[in-house]
Amino acid sequence: MTLTLDWENLGFSYHNLPFRYISYFKDGKWDDGKLTETSVLAISESSPALHYGQQAFEGLKAYRTKEGKIQLFRPDKNAERLQKTADRLLMAQVPTDKFIEACKAVVKANQDYVPPYGTGGTLYLRPLLIGIGDGIGIRPAEEYIFTIFAMPVGSYFKGGLAPTNFVVSEDFDRASPYGTGAAKVGGNYAASLLPGMKAKKAGFSDVIYLDPATHTKIEEVGAANFFGITADNEFITPLSPSILPSITKYSLLELAQTRLGLKAVEGDVPIDQLDRFVEAGACGTAAVISPIGGIQYKGKLHVFYSETEVGPVTRALYDELIGIQFGDIEAPDGWIVPVDC
């Protein structure tokens, strides 16, 4: 099977690539795992993943450098987050070494579909962990599937990095105060579909979720983490037990401090104190950074740097991280894992 792709116009769509990885957990242990060419999973109709949401996933990318090499960005952190999610849902953990080697195997097997350097494209990896087996009662599964498939995706911003506006959700919460907000589970995303659709119909990119306990502090931006830049050169991002810990966010926190000389802070971001920020953005694997032009709250639009131009600090952070991911800028120790092809 050979796919013909337009590297300059990939978008973010599923592609059935030749190979994916699959491993089974049974009788208390994982098998060795293998590459497979089938894109269909065969599971019992009574699998806990289908009935009770015992399911988790991750997202990370492989990048082609100017020299034609391929590298992963901080896959150990994705493995760690999947392990924490597994603990929250009483699922079998995937060891870090197994996770990383599986990622490498999928990338190597599909290396022809890693977009060329300079296109802005990457090979997106989607690891899945699901509870399977015959068990209709509300209890943890005894068997699991760990699988990874891949697809080439384009640059998130077709017209270049550009700010968009968001609206605060006053009718919906992303997660409960002590629920699964910090876990990367499908149910969190299913719950976000309705408020996201309403925001888009109203002309916004997505919603800003406030903390579920008091509705006074910013927590997340749709399916991404929030950050703001103050006039005093502080990089501030929310800290909460119901926020998904973004690998991109923690990378930006470190780079903001060590490379740009900003003060990096995790703490409360009161929704009524937006005036303290001169720039703002959302961050995550897909877009890296999505600049926020303005936030509408209670009928009033608060504009940060500009609704049409990207702020200088936001752009500098984006360029630094993208440069590291594509191999143009030296990375901090341990951030890059090469894939030998």
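Anything mentioned here points back to the structure above.
My aim in this report is to walk through the structure given alongside it, one point at a time. (Residues numbered from 1 in each chain as written. Predicted model: local features only at pLDDT ≥ 70, side-chain atom pairs only at ≥ 80, totals over all residues. Heavy atoms only, no water.)

### Some points on the nonpolar core
Moving on, step 1. Ranked by size, the top nonpolar core spans 38 residues in total, and within it Leu72, Phe99, Val107, Leu123, Leu125, Leu129 and Phe146 carry the most contacts.
Moving on, step 2. Going through the elements one at a time, β1 (20-26), β5 (60-64), β6 (70-73), α2 (75-88), α3 (96-109), β7 (122-132), β8 (143-153) and β18 (336-339) are the ones with two or more residues in this core.
Moving on, step 3. Phe146 has contacts with Tyr21, Ile22, Ser23, Trp30, Leu82, Val94, Phe99, Ala102, Pro127, Leu128 and Leu129, leaving out every residue within four places of it along the chain.
Moving on, step 4. Of all hydrophobic cores here, the second largest spans 23 residues; its members include Leu161, Phe235, Ala256 and Leu317. (Core = buried A, V, L, I, M, F, W, Y, C linked by side-chain atoms within 4.5 Å. Buried < 20%, exposed > 50% of the residue type's maximum accessible area, 1.4 Å probe, protein only. Helix = DSSP H or I, 4+ residues; strand = E, 2+ residues; numbered from the N terminus. Contact = heavy atoms within 4.5 Å.)

### Here we look at α3
Moving on, step 1. Helix length check: α3 (14 residues) gives 20 Å between terminal C-alpha atoms against 20 Å at 1.5 Å per residue, within 8%.
Moving on, step 2. Along α3, the residues that are buried comprise Lys98, Phe99, Ile100, Ala102, Cys103, Val106 and Val107. (Expected span 1.5 Å × (residues − 1).)

### Quick notes on the packing of α2 against α3
Moving on, step 1. Where α2 contacts α3, the axes come no closer than 9 Å and their chain directions differ by 125 degrees. One finds that α2 runs oblique with respect to α3. As α2 packs across α3, the resulting crossing turns out to be right-handed. Listed contacts from α3 to Pro75, Asp76, Asn78, Ala79, Leu82 and Gln83 of α2 are Thr96, Phe99 and Ile100.
Moving on, step 2. Its residues assigned to classes, the contact of α2 with α3 shows 5 nonpolar, 3 polar and 1 charged. (Axes fitted to C-alpha atoms, helices over the stretch in contact; angles between N-to-C directions. Parallel < 35°, antiparallel > 145°, perpendicular 65-115°, else oblique. Left-handed = near helix turned anticlockwise from the far one by under 90°. Nonpolar A, V, L, I, M, F, W, Y, C, P; charged D, E, K, R; others polar.)

### Considering the pattern of salt bridges
Moving on, step 1. With the rule as written, the count across this model stands at 10 salt bridges.
Moving on, step 2. In this structure, Lys77 engages Glu80 in a salt bridge whose closest nitrogen and oxygen atoms are separated by 3.8 Å. With Lys77 and Glu80 both in helix α2 and 3 residues apart, this pair spans about one turn of that helix.
Moving on, step 3. By relative accessible area, Glu80 is classed as partly exposed at 32%.
Moving on, step 4. Here Asp268 makes a salt bridge to Lys217, at a shortest N to O gap of 3.8 Å. In this pair, Asp268 sits in the loop between β14 (263-267) and β15 (277-284) while Lys217 sits in the loop between β10 (207-210) and β11 (218-221), placing the two residues 51 residues apart along the sequence.
Moving on, step 5. Look at Asp268 and you get partly exposed, because its relative accessible area is 47%.
Moving on, step 6. When salt bridges with common partners are traced through the structure, they connect Lys77, Glu80 and Lys84 into a single cluster. (Salt bridge = Lys/Arg side-chain N within 4 Å of Asp/Glu carboxyl O.)

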